[in-house]
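# Geometric and topological summary
Spelled out from the first residue to the last, the chains are:
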Amino acid sequence: MKRTDCLSPVRGKLSNFKTCALLTAGVWALSLNVAAKEIFVINKNAADYRVVETNKSAKRIDVYSNTPHRYLNSEKKEHVFTGVPVSELPPKEWRYDNVYFIGDDDYITFMPAQIANNPQTILASAKDAAPLSKRDGEVQVILPTREEAKVEDKYLKKAAFWAWYVKAVVYGELDNRLQYGGASIDMSNVIGAPAEAYKAPSVFSYDPIACPDTYQVSVKDLDPGFDKGKVEFLQLNGNQRTYGAGDVMLIFSKEDTALPIECGGPYAVRKGEEYIYSVYSFKGI
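Read on for a plain summary of the structure. This one's a predicted model, so the numbers in the text were calculated from it and none came from an experiment.

### Thoughts on the state of the cysteines
- This model, assessed by the stated rule, comprises one disulfide.
- Each sulfur in the disulfide pair Cys-211 and Cys-263 lies 2.0 Å from the other. Sign of the S-S torsion, about -95° for the bond between Cys-211 and Cys-263, identifies this disulfide as left-handed. On the criterion of sequence distance, the pair formed by Cys-211 in the loop between β13 (193-194) and β14 (215-217) and Cys-263 in the loop between β17 (249-252) and β18 (267-271) is long-range, its members being 52 residues apart.
- Given a relative accessible area of 36%, Cys-211 falls into the partly exposed group.
- Taking relative accessible area as the criterion, Cys-263 reaches 0% and is therefore assigned buried.

### Digging into the side chain of His-69
- Relative to the assigned elements, His-69 resides in the loop between β3 (61-65) and β4 (79-85).
- Leave out the neighbours within four places in its chain, and His-69 touches Ser-74, Gln-140, Ala-159 and Trp-162.

### Some thoughts on the pattern of salt bridges
- Taken as a whole and judged by the stated rule, the model has eleven salt bridges.
- Among the ionic pairs, Glu-138 bridges to Lys-134, the shortest N-O distance being 3.8 Å.
- Of the residues examined, Glu-138 reaches a relative accessible area of 28% and is grouped as partly exposed.
- The salt bridge partner of Asp-136 is Arg-135, with a shortest N-O separation of 3.3 Å.
- Looking at Asp-136, the relative accessible area reads 14%, which means it is buried.
- Each of Lys-59, Glu-88 and Lys-92 takes part in salt bridges that share partners, so that together they form one network.

### A closer look at the pairing of β4
- Extensive coverage of β4 is indicated by the burial of six of its seven residues.
- Strand direction decides the pairing type here: β4 and strand β7 (residues 122-127), joined by five bridges, are antiparallel. Across the sheet, the residue bridging to Pro-85 is Ile-122, located in β7.

### Some thoughts on the pairing of β18
- Strand direction decides the pairing type here: β17 and β18, joined by three bridges, are antiparallel. Residue pairing across strands places Ile-251 opposite Ala-268, the latter belonging to β18.
- Pairing of β18 with strand β19 (residues 274-284), which is carried by four bridges, proceeds in the antiparallel orientation. Residue pairing in the sheet places Lys-271 in a bridge with Glu-274 of β19.
- Between the antiparallel neighbours β18 and β19 lie two residues, among them Gly-272 with a positive phi of about 65°.

### Examining the sheet that holds strand β5 (residues 98-103)
- Judged by pairing direction, the sheet is mixed, and its five strands sit side by side in the order β2-β1-β10-β5-β6 without closing on themselves. Since the sheet does not close on itself, it has two edges, and those belong to β2 (50-53) and β6 (108-112), each with one partner. Each neighbouring strand pair of the sheet contributes to a mean axis angle of 25°, computed without reference to strand direction.
- In this structure, strand β1 (residues 38-44) lies alongside strand β10 (residues 166-174), joined through four bridges in parallel fashion. The partner of Phe-40 across the bridge, within β10, is Ala-168.

Calculation notes
Residues numbered from 1 in each chain as written. Predicted model: local features only at pLDDT ≥ 70, side-chain atom pairs only at ≥ 80, totals over all residues. Heavy atoms only, no water. Disulfide = S-S within 2.5 Å. Helix = DSSP H or I, 4+ residues; strand = E, 2+ residues; numbered from the N terminus. Buried < 20%, exposed > 50% of the residue type's maximum accessible area, 1.4 Å probe, protein only. Contact = heavy atoms within 4.5 Å. Salt bridge = Lys/Arg side-chain N within 4 Å of Asp/Glu carboxyl O. Pairing = 2+ DSSP bridges. Axes fitted to C-alpha atoms, helices over the stretch in contact; angles between N-to-C directions.

Remember, this is a structural readout, not a statement about activity or role.
What follows is the structure, encoded as structure tokens:
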């Protein structure tokens, strides 16, 4: 059997990562028997991602913060959060204007790079020396609130930026290449039909953008040789969705870069009135 190194950041397919996570759950467990908290770190090519264990990283720091979440901090007290600085997750050569956070529940939020790259903006996996539980969001964006380190007040006071259940962090825009099996499709060259009724996700921003024109195409139109009855879509946060091949439409942009994350990108899937966002890959099953 081919050995997979699961104790350091890895690159590869989501299916390989999930197998690795299952095989090494005992190694990654904390002393309190809390499973390791892994996230996908992504830039440009969604298929060429990194996996980082937020509760095992040597770059973890402590940050004093008074989170505005009424549910997580109903007593409005300052706590000590422990986690990895968002600026330390990507290689130094990556260039980006915004940083996007996608939750296990498909929640999307983002902030400018200068806010995300504050040395004390972290992805926390512990609070007051105890691992963050499922109830507490497991992996949570924490901003520093002490005067000497804090970011702009408008980010501190808006709970929408303090994402929890974080599973993916995307640095900047993504290439407009849809992963299909072991290959990729340049979606800027796909014709498709206008998706004029497309409903982008509700993502809070102080500087909202105008989403580009969107188009839709069926899986069978993308690949006339497609002969499977079902299609499985993979999302940036690792979630998988399966539908009948004839039941869904893929939503995309024809720009050089994929549909922006805040617009539901890199790709979205529509089934009737239902939308699934943050899709980057599909395969027939």
